[in-house]
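As a plain string of letters, each chain reads:
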Amino acid sequence: MYCKSAKAKIRKAAKCPEADVWFLAGGTQTNMVAIDAFLEKYEGVVAAKTAHVSLHESGAIEYSGHKVLELPSHDGKIDAKELLALVEAYYADENYEHMVTPGMVYITQPTELGTLYSAKELKEIHKVCEKYNMPLYIDGARLAEALAADPKTGLDKIAENCEAFYITGA
């Protein structure tokens, strides 16, 4: 009963009535499940150098066979132009089929440094992801704080600019 009610509330807030909503225990496990589900075995996840999956969970992510491809961190955030440059450089390399493919993008909202992606930044990153058919996944360990800090970037804006996100229950 509680889970059914929570699922309905999340779908309503995200304005995604058909969304799949799952309950998992723990952030590391959730990140592992999401990343492994989205990626083929030869693909890696793009993340900021300061991102949780790059520093604290990299062993868990890489244990599942997926390399973490790091981008520079700008106050904890990645930049859409640098993401585009990384993907374009990958496909421009004649040997790209022998390299780890950037298969998805991981960000945290807010970042590990407490900074927030604006709705505009999320949209720009998502645009690059859509161009290269890479899902954007948002680690929501602190998503409630982000939603409270910036009412203009509500759960509906998060949902419209990514393929998956999670909200911590703690």
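Whatever comes next refers back to the structure up there.
Because the structure is predicted, anything quoted here is derived from the model rather than measured. (Residues numbered from 1 in each chain as written. Predicted model: local features only at pLDDT ≥ 70, side-chain atom pairs only at ≥ 80, totals over all residues. Heavy atoms only, no water.)

Caption draft 1: Representation of the overall build of the chain. Helix and strand counts for the chain stand at 8 helices and 5 strands. Reading the chain from its N terminus to its C terminus gives the helix and strand order α-α-β-α-α-β-α-β-α-β-α-α-β. Against the globule reference of 15 Å for 170 residues, the chain gives a C-alpha radius of gyration of 16 Å, in line with a compact fold. Here the C-alpha coordinates of the chain stretch approximately 55 × 30 × 30 Å along the principal axes. Counting contacts in the chain only where the partners sit at least 6 residues apart, residues at least 24 apart contribute 67% of the total. Carbon and sulfur atoms make up 55% of the accessible area of the chain, which totals about 9600 Å². (Helix = DSSP H or I, 4+ residues; strand = E, 2+ residues; numbered from the N terminus. Rg over C-alpha atoms; globule rule 2.2 N^0.38 Å. Contact = heavy atoms within 4.5 Å. Areas by Shrake-Rupley, 256 points an atom, 1.4 Å probe, with all protein chains shown as cover.)

Caption draft 2: How the structure looks around the sheet that holds strand 3 (residues 101-108). Strand order across the open sheet formed by 5 strands is 2-1-3-4-5, with parallel pairing between neighbours. In the strand order of this sheet, the two ends are held by strand 2 (68-71) and strand 5 (164-165), each with one partner. In this structure, strand 4 (residues 136-139) lies alongside strand 5, joined through 2 bridges in parallel fashion. Following the sheet pairing, Ile138 is matched in strand 5 by Phe165. (Pairing = 2+ DSSP bridges.)

Caption draft 3: Spotlight on a nonpolar patch on the surface. On the surface, Trp22, Leu24 and Val33 cluster together to form a nonpolar patch covering roughly 370 Å² of accessible area. Turning to its location among the elements, Val33 is positioned in helix 2 (residues 27-38). (Patch = residues over 30% accessible without salt bridge, like charges linked within 9 Å, V, L, I, M, F, W, Y side chains within 5 Å. Salt bridge = Lys/Arg side-chain N within 4 Å of Asp/Glu carboxyl O.)

Caption draft 4: Molecular detail of the nonpolar core. Within the largest apolar cluster, 39 residues are counted, with the highest numbers of intra-cluster contacts made by Leu83, Val105 and Ile125. With residues up to four places along the chain from it excluded, the contact list for Leu83 reads Val46, Leu71, Val105, Ile125, Val128, Cys129 and Met134. (Core = buried A, V, L, I, M, F, W, Y, C linked by side-chain atoms within 4.5 Å. Buried < 20%, exposed > 50% of the residue type's maximum accessible area, 1.4 Å probe, protein only.)

Caption draft 5: Representation of the pairing of strand 3 within the structure. In terms of burial, strand 3 is a largely internal element, 8 of the 8 residues being buried. For strand 1 (residues 43-48) and strand 3, the ladder comprises 4 bridges, and the chain directions are parallel. Across the sheet, residue Val45 finds its bridge partner in strand 3, namely Met104. Chirality of the crossover, the property in question, places the unit of strand 3, helix 6 (residues 119-131) and strand 4 among those that are right-handed. (Right-handed = clockwise from strand over helix to strand, strands pointing away.)

Caption draft 6: Local environment of helix 5 (residues 80-92). Here helix 5 contains 13 residues, and its C-alpha end-to-end distance of 18 Å stays within 8% of the 18 Å for a straight helix at 1.5 Å per residue. Buried residues of helix 5: Ala80, Leu83, Val87 and Tyr90, and no others. The buried side chains of helix 5 occupy one side of the element, clustering within an arc of 90 degrees when seen end-on. Of the residues in helix 5, the exposed ones pointing more than 90 degrees away from the buried face are Lys81 and Ala92. Residues of helix 5 that are buried make contact with strand 1, strand 2, strand 3 and helix 6. Looking at where helix 5 begins, the residue whose side-chain oxygen comes 2.9 Å from the main-chain nitrogen of Lys81 is Asp79. (Expected span 1.5 Å × (residues − 1). Arc of directions from axis to C-beta. Polar contact = N/O pair within 3.5 Å; in protein donor to acceptor, adjacent residues only side chain to side chain.)

Caption draft 7: Up close: the packing of aromatic side chains. On inspection of all chains with the given rule, the structure shows 5 aromatic pairs. Taken together, a centroid distance of 4.7 Å and an interplanar angle of 80 degrees make the contact between Tyr90 and Tyr91 edge-to-face. On the numbers, 5.3 Å between centres and 65 degrees between planes, the contact of Tyr90 with Tyr96 is edge-to-face. Aromatic rings pair up to connect Tyr90, Tyr91, Tyr96 and Tyr132 into one cluster. For the cation-ring pair, Lys7 lies above Trp22, with the distance from its terminal atom to the ring centre recorded as 5.9 Å. When the ring centre of Tyr117 is taken as reference, the NZ or CZ atom of Lys77 above it lies at 5.9 Å. (Phe/Tyr/Trp six-rings, centres within 6.5 Å; stacked < 30°, edge-to-face > 60°. Lys NZ or Arg CZ within 6 Å of the ring centre and 35° of its normal.)

Caption draft 8: Expanded view of the side chain of Ser64. Within the fold, Ser64 resides in the loop between helix 4 (58-63) and strand 2. With a relative accessible area of 17%, Ser64 lands in the buried category. Among the polar contacts listed, one links the side chain of Ser64 to the backbone oxygen of Ile61, at a separation of 2.6 Å.

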